[in-house]
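A structural walkthrough
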Amino acid sequence: MIFHAPEVIGHRGAGRGTVNGALENTAASFRAAVADGASWVEIDVRRSADGVLVIHHDAALPDGRVIVDLPAAESRAAGLLTLDEALDVIPPETGLDVDVKTVMEDATAAPDRRTAALLLPYLRREARRRRVFVCSFDPAVLLAVQAEAPEVPTAWMPFVRNPLDQAVAGAAGMGCAIVAIDARSFGLTGAPERPGRRPVGYTVDVAHRAGLEVVSWCPDPVDAARFAEAGVDAVVVDDVPGVVAALKGGEPDGQQG
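Residues numbered from 1 in each chain as written. Predicted model: local features only at pLDDT ≥ 70, side-chain atom pairs only at ≥ 80, totals over all residues. Heavy atoms only, no water.

**So, the pattern of salt bridges**
A complete count under the given rule lists 13 salt bridges for this structure. A salt bridge links Arg65 to Glu74, with the nearest nitrogen and oxygen atoms 3.1 Å apart. Given the relative accessible area of 32%, Arg65 is considered partly exposed. The salt bridge partner of Arg129 is Glu126, with a shortest N-O separation of 3.0 Å. A relative accessible area of 38% means that Arg129 is categorised as partly exposed. Taking relative accessible area as the criterion, Glu126 reaches 1% and is therefore assigned buried. Through salt bridges with shared partners, a single network forms among Arg125, Glu126, Arg129 and Arg130. (Salt bridge = Lys/Arg side-chain N within 4 Å of Asp/Glu carboxyl O. Buried < 20%, exposed > 50% of the residue type's maximum accessible area, 1.4 Å probe, protein only.)

In structure tokens:
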């Protein structure tokens, strides 16, 4: 088992949903996630033009420069952390959810220069000192990790509002250990009704019987509690203190839920 259900994963650290206002994917957001009660931290990993892994969600910097076209020094000058710097901030007792952002240029790069290949040494090292798993929308990343670092669990992230049958069956078919499903795919809040949509508990039960653990990403605190009751193994959240309080059956002191 990867999780001691239900567990809280700080989404890109704890940037967007915390009252401290820390920017996501920064040292401050990672520290905030841990301080607010997350047992895992999610980080977004991209590669630079010179093969250095940096931490950023979007493909480009705020000024429009594309990260994969830049040497790492330029991204760092704009405030981005390298993967080495991020790992130095996150305590080893905190689990690591590595969200790998592949780029179109990986299709033409030499195999040892692709994002997943650059990440492998880090994964092998981190797996010896902490709980870690890799998630991605890109099946090629997950298959590469499974082949070269089989000790590291993988999680498939289907696109937002993917049909649940594709999510569960696809993750199992790829040999993943985890299926990570956008909260909106379950239809609890903000999603249109879809004929044949399965209840959360049914989906979780099928996934568990297939040997998968289930992560729901970015639910609101009230939905996080409902997911936990349905047997979801972990939740990736923006509002760490709000969700931690909701899972305990209370309200966060002084926080905006």
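**A short note on the confidence of the model for the protein chain**
Summarising the model, the protein chain shows a mean pLDDT of 88, and 88% of its residues fall at 70 or more. Across the protein chain, element-level confidence peaks in strand E6 (residues 132-136) with a mean pLDDT of 98 and bottoms out in helix H8 (residues 221-229) with 87. Low pLDDT, under 50, characterises residues 15-20; the predicted model gives this stretch 17 contacts beyond four residues in sequence or across chains. Here residues 252-257 scores under 50 on pLDDT; set against residues more than four positions off or in separate chains, the count is nine contacts. (pLDDT = per-residue confidence, 0-100. Helix = DSSP H or I, 4+ residues; strand = E, 2+ residues; numbered from the N terminus. Contact = heavy atoms within 4.5 Å.)

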